[in-house]
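Listed below are the residues making up each chain.
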Amino acid sequence: RVGVHKPRGKDDIFKFARTSPVPRQKRSIVVSPILIPENQRQPFPRDVGKVVDSDRPEGSKFRLTGKGVDQEPKGIFRINENTGSVSVTRSLDREMIAAYQLFVETIDVNGKTLEGPVPLEVIVIDQNDNRPIFREGPYVGHVMEGSPTGTTVMRITAFDADDPATDNALLRYNIRQQTPDRPSPNMFYIDPEKGDIVTVVSPALLDRETLENPKYELIIEAQDMAGLDVGLTGTATATIMIDDKNDHSPKFTKKEFQATVEEGAVGVIVNLTVEDKDDPATGAWRAAYTIINGNPGQSFEIHTNPQSNEGMLSVVKPLDYEISAFHTLLIKVENEDPLVPEVSYGPSSTATVHITVLDVNEGPVFYPDPMMVTKQENISVGSVLLTVNATDPDSLQHQTIRYSIYKDPAGWLNINPINGTVDTMAVLDRESPFVHNSVYTALFLAIDSGNPPATGTGTLLITLEDVNDNAPFIYPTVAEVCDDAKNLSVVILGASDKDLHPNTDPFKFEIHKQTVPDKVWKISKINNTHALVSLLQNLNKANYHLPIMVTDSGKPPMTNITDLRVQVCSCKNSKVDCNAAGAPHFSTTAVLLLSLFSLARKLTKAQCVHSTKTTSPEPLFSHMSFPKNLSKRKHSFFSFCLYNRECYL
C-alpha cells in the first residue's frame, strides 16, 4: 500500500461536503469534495467531478497537481484543462489510500498561475471487500477439569481491513463446530462481540477422567456486516485442553506383595504396582513411595520408576539369614502434588510386602581381622607366631574349616591347616624389601566344607622389632685432594645403618691403624653421623687407600671397615688432573721391601691381586713410595702387582 489515511465514515463525508472550505475572499474557482467508491469497474477514465471558474480569463486553462496526479502514485487523476472536468483513470483501493489531497489552479498560455491553487479532496468510499482474518494463532486455551459453568477459557479475535467506522468491519463471532461433540455438542460458548470462549456445561461433565478426549477443537467463525448473511467470513481453529487436577489418589493393585532374596545380595527385589486415573504427565499421577514400618536397620529403600510409576523395592544392606529369615514392610504411596481438598488417601494407598531371605553358604570370617602380632626379627625358624581363628556364619549348618596361605610374599610362614597355628619356616628380616614400615603383611584363607565350599580371607600384620644385625657403612668412598693444598681437609664422611634407633647412630669413626702409617691421616667427629678426614702433611700424587672403621651404637655394636680411596691430584691453573697420579706411595722400611721382593718370586698374578668376596679388601702397598734406584726387574714386579696403582691381600 502506498499510504493509509485516516478513513472517513459516511456522516463525515457528507459533513465535509457541507462544510468544505469556501474562500471568504472572492474567488472565481469553485471546488467541492469528490466522492469515489473503491473497486469501480471499467470503463476508465470516467468523470468523477468538475471544477468551475465563473470569472476565468479567455485563453486560460485549468491545472491539477498533487499525489495521484504528478506525484506518486502518478496518473490516477487528471483534469480537462478547458472544461475543468476531473476524471479517474483506474480502480481505487480504500485500504491502500483512503483520501487524496489535490490542488487546482488556472494558468495563462505561458503557464503562469492566474488563480489558485485551491485544495480539492478526493475521498474513497469503502466497500466490503475484505474478509475477517485471525492473525494471532495458533489459539490454545486451558481450563481445569471441574471448573464452574461460565469459566472463561480464552479470548479469540479477528481483524478486518475495511473501514472500522462502517458495518464492513463490524464483526460477530460464533462456534461453527466442536470436536469431539461428547459428552455435549455445546461444551463451550463464545461471546459474539468480544470473542471470549467460556464453559457452558456443569463441572461434573468437565471431568478429565471420564472424557473421551481431554482436548477439544473449535472452529470459530468471524463475520463482518454485524453478522448479517451478506457479510464476509473468516475462520480459525481454537484448541482447548482440559487440565488435570489431583482428584484421584493412587491405589495399590493388591494389598500384599511377595519377594525373595538371597542373604548377602543387594538390588531390586520386587516392583510394586499402583493405579492412578490422573494425567500421567503431571505430578497428580507421579507416585512417591515411603516405607512406614519394618525397616529399623535401613536395609531397604524404595524408588519410583519414572516410566511405569512402579515402586522399586531394593535391598541396600545385605540381609543375614541367620539373624532373620523373614521381613515384613508396610509401604504407603502418595502423589507428588497434593490432593484436592475433597479427596483423601484411603486404605488402598498402603500395601504390605513379605520378604523371604534364602540361606546361602557364606565364607568363614576371621576374628579379629586384621590379626596383629609383634615379634623380633631373626627369631629362630619354627617359632610360633599365633593361632588364627575363623568362624562360619552359617550357624545352622555344621561345617568344618581348613586353613591355607593365600599370600606370603617372602615365603616366611607356614600354617597348620587344621588348627590354624602359624609358625616361621625362614628367618624374619625387618630390612627385607617385603617389609614396609617394619610391618610384614600376609593373607590366609579359611575354607568351609559346604557344597560348593565358601572361602573367607584374613590379614595378618607382623610388626618386626629391630635387632642390630646390620653393620653401618660410609659414604662417599672416593675423594680427591690437591698435592699442594693449603687446606688439608680431604672429605666429610657420612655413615648410615639399615637398623633402627638405638642400633644406629651415634657412630664412631676410626682409622684402621694397623695398616696405616702414623702422622699422615687424621679423622675428626663432626656430629653423630659425620666425620672429617684430613691430612697432616702434603702427599705426592698417587692413589691412597685409607681403611675407615665405623661402629654403631647397638648392644652389642657392629663394626664395618671400608676403604676410602683418596686421589692426590695435580692442581694447576684451576685445572685438576687426577689421571697422572703416580703409583701408590710407600713409606715403609727397606727390610719390608726386600721381603716383598722375595715374595714376588713366588706370587702369581692371581695371588698378587687377590679378589675376595669381602666388601673391604685391605691394601698392602697403599702408602709406600718406590726407591728411585729400583731395578728394572724389581720394578716390573711392582708394575705387575700395582697395575691400577692398587694392590690387595
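Conventions we followed
Here, residues in each chain are numbered from 1, in the same order as that chain's written sequence. pLDDT decides what is reported in this predicted model: residues at 70 or higher carry local features, side-chain atom pairs at 80 or more are listed and counted, and totals for whole chains, interfaces and linings draw on all residues regardless. Values reported for side chains reflect all heavy atoms of the structure, with hydrogen atoms and water molecules removed beforehand. Working definition: helices are DSSP H or I runs of at least four residues, strands are E runs of at least two. Numbering for both runs from the N terminus. Residue exposure (1.4 Å probe, protein chains only): buried if accessible area is under 20% of the type maximum, exposed if over 50%, otherwise partly exposed. Note that accessible areas follow from Shrake-Rupley with a 1.4 Å probe, and for residues the cover is restricted to the protein chains shown. In summary, the pairing rule links any two rings of Phe, Tyr or Trp, Trp by its six-membered ring, whose centres are within 6.5 Å, and it sorts them by plane angle into stacked for under 30 degrees, edge-to-face for over 60 and tilted for everything else. Throughout, a disulfide means two cysteine sulfur atoms within 2.5 Å of one another. All tallies of charge rest on Lys and Arg as positive and Asp and Glu as negative; His and the ends of each chain are not included. Take a side-chain nitrogen of Lys or Arg and a carboxyl oxygen of Asp or Glu: if they are within 4 Å of each other, that pair is a salt bridge. Whenever two N or O atoms come within 3.5 Å, that pair is a polar contact, provided that in protein one can donate a hydrogen and the other can accept it, and provided that, for residues adjacent in sequence, both atoms are side-chain atoms. Any pair of residues with heavy atoms lying within 4.5 Å of one another is described as a contacting pair. Two strands qualify as a pair provided that DSSP identifies no fewer than 2 bridges between them. Lines fitted to C-alpha atoms define the axes, with helix axes restricted to the stretch in contact, and inter-axis angles between N-to-C directions lie between 0 and 180 degrees. To define a nonpolar core, start from buried Ala, Val, Leu, Ile, Met, Phe, Trp, Tyr and Cys residues and group those joined through side-chain atoms within 4.5 Å.

S.K.: Sorry, what's going on with the overall build of the protein chain here?
M.R.: From N to C terminus, the protein chain includes four helices and 43 strands. The buried share among the 649 residues of the protein chain stands at 41%. Accessible surface, the protein chain: about 35700 Å² in total, of which carbon and sulfur atoms supply 52%.

S.K.: So what exactly am I meant to see when it comes to the packing of aromatic side chains here?
M.R.: Within a pair of aromatic rings, the relevant descriptors are the distance that separates the centres and the angle that separates the planes. Taken as a whole, this structure holds nine aromatic pairs when the rule is applied. Geometrically, the ring pair formed by F134 and Y173 is tilted, given 6.4 Å between the ring centres and 55° between the ring planes. Pair noted here: F134 is in the loop between strand 9 (113-125) and strand 10 (139-144) and Y173 is in strand 12 (residues 172-179), with a separation of 39 residues, a long-range link. Take F134 and Y173: they sit in the same class, and that class is buried. Ring centres of W412 and Y440 lie 4.5 Å apart, and the angle between their planes is 35°; this geometry places the pair in the tilted category. Residue W412 is located in the loop between strand 30 (401-407) and strand 31 (413-415), and its partner Y440 is located in strand 33 (residues 439-448); the two are separated by 28 residues in the primary sequence. One exposure class covers both W412 and Y440, and it is buried.

S.K.: Quick question: what am I supposed to make of unusual backbone geometry here?
M.R.: Apart from glycine, the bulk of residues carry a negative phi angle, and the bulk of peptide bonds sit in the trans form. For the bond running from G137 to P138, omega is 0°, close enough to zero to count as cis. Along the chain, P138 turns up in the loop between strand 9 and strand 10. Here Q298, not a glycine, exhibits a phi torsion of approximately 55°, which is positive.

S.K.: What's the story with the state of the cysteines in this structure? I'm lost.
M.R.: Think of a disulfide as a covalent bridge from one cysteine sulfur atom to another cysteine sulfur atom. Within this structure, the stated rule accounts for two disulfides. In this model, C482 is linked to C571 through a disulfide, with the two sulfur atoms separated by 2.0 Å. One disulfide, between C482 and C571, carries an S-S torsion of -90° and so falls in the left-handed class. Taken together, the residues span a long stretch of sequence, with C482 in strand 36 (residues 478-482) and C571 in strand 42 (residues 559-572) at a distance of 89 residues. Given a relative accessible area of 17%, C571 falls into the buried group. With its sulfur 1.9 Å from that of its partner, C569 forms a disulfide with C578. Disulfide C569-C578: the torsion about the S-S bond is 100°, which places it as right-handed. Residue classification places C578 among the buried positions, given a relative accessible area of 11%.

S.K.: In this structure, what is going on with the side chain of D162? I would like to understand it.
M.R.: With respect to the helices and strands, the residue D162 is situated in the loop between strand 11 (152-155) and strand 12. The buried charged residue D162 lacks any salt bridge partner; its closest oppositely charged side chain belongs to R94, at an N-O distance of 5.2 Å. Within the structure, the side chain of D162 is placed 2.8 Å from the side chain of N130, a separation counted as a polar contact. Each residue touching D162, except ones within four places of it in the same chain, is listed here: R94, E95, D126, Q127, N128, D129, N130, N168, A169 and D224.

S.K.: Looking at this structure, how should I read the environment of E480?
M.R.: Within the element layout of this structure, E480 appears in strand 36. A relative accessible area of 48% places E480 in the partly exposed class. E480 sits 11 residues away from V491 along the chain, and the two C-alpha atoms are 8.0 Å apart. Excluding anything up to four places from it in sequence, E480 contacts V490, Q567, C569, V576 and C578.

S.K.: How do you make sense of the side chain of N503 when you look at a structure like this?
M.R.: Structurally, the position occupied by N503 is in the loop between strand 37 (489-496) and strand 38 (508-511). Here the side chain of N503 touches D466 through a polar contact of 3.2 Å, side chain to side chain. Excluding its chain neighbours within four sequence positions, the residues that come into contact with N503 are D466, V467, N468, D497, D552, G554 and K555.

S.K.: I keep staring at the sheet that holds strand 10 and nothing clicks. Help me out?
M.R.: For sheets, the rule is that strands pair by backbone hydrogen bonds, running either parallel or antiparallel. Strand order in the open sheet formed by four strands is 10-16-15-12, and the pairing between neighbours is mixed. For this open sheet the edge positions go to strand 10 and strand 12, each flanked by a neighbour on one side alone. Strand-to-strand twist across the sheet, computed as the mean angle between neighbouring axes with direction ignored, equals 30°. With nine bridges joining them, strand 15 (residues 215-223) and strand 16 (residues 233-243) adopt antiparallel strand pairing. From the neighbouring strand, K215 faces strand 16, where its bridge partner is M241.

S.K.: Looking at this model, I keep getting lost on the nonpolar core. Mind explaining?
M.R.: Nonpolar side chains in soluble globular proteins tend to be buried together. With 26 residues, the main nonpolar core has V490, W521, V533, L535, I548 and L564 as its most contacted residues. Looking at this core, the elements with two or more residues in it are strand 36, strand 37, strand 38, strand 40 (530-535), strand 41 (542-551) and strand 42. Ranked by residues supplied to this core, first place goes to strand 41 with five residues. In this structure, L564 is in contact with P476, T477, V478, A479, V491, L493, V533, Y544, H545, L546 and I548, ignoring residues within four places of it in sequence. Residues V153, L206, I240 and I242 belong to the second largest nonpolar core, which totals 24 residues.

S.K.: Could you clarify how one ought to interpret the pairing of strand 23 (residues 311-315) in this entry?
M.R.: Regular strands have side chains that alternate between both faces of the sheet. Of all five residues in strand 23, four are buried; the element is thus mostly enclosed. Here strand 19 (residues 267-272) runs beside strand 23; their pairing, made up of five bridges, is antiparallel. Looking at strand 23, one finds that V270 is bridged to L313. When strand 22 (residues 300-304) meets strand 23, the two strands line up antiparallel, connected through five bridges. By the bridge assignment for strand 23, H303 is matched with M312. Where strand 22 folds back on strand 23, the antiparallel hairpin that results is connected by six residues, among which N309 adopts a positive phi of roughly 70°.

S.K.: What's the story with the environment of V360 in this structure? I'm lost.
M.R.: One can find V360 in the loop between strand 25 (350-358) and strand 26 (365-366). Of the residues examined, V360 reaches a relative accessible area of 22% and is grouped as partly exposed. When the C-alpha positions of V360 and D320 are compared, they lie 9.5 Å apart, and in sequence the two are 40 residues distant. Beyond its immediate stretch of four places on either side in the chain, V360 contacts E262, E263, D394 and Q397.

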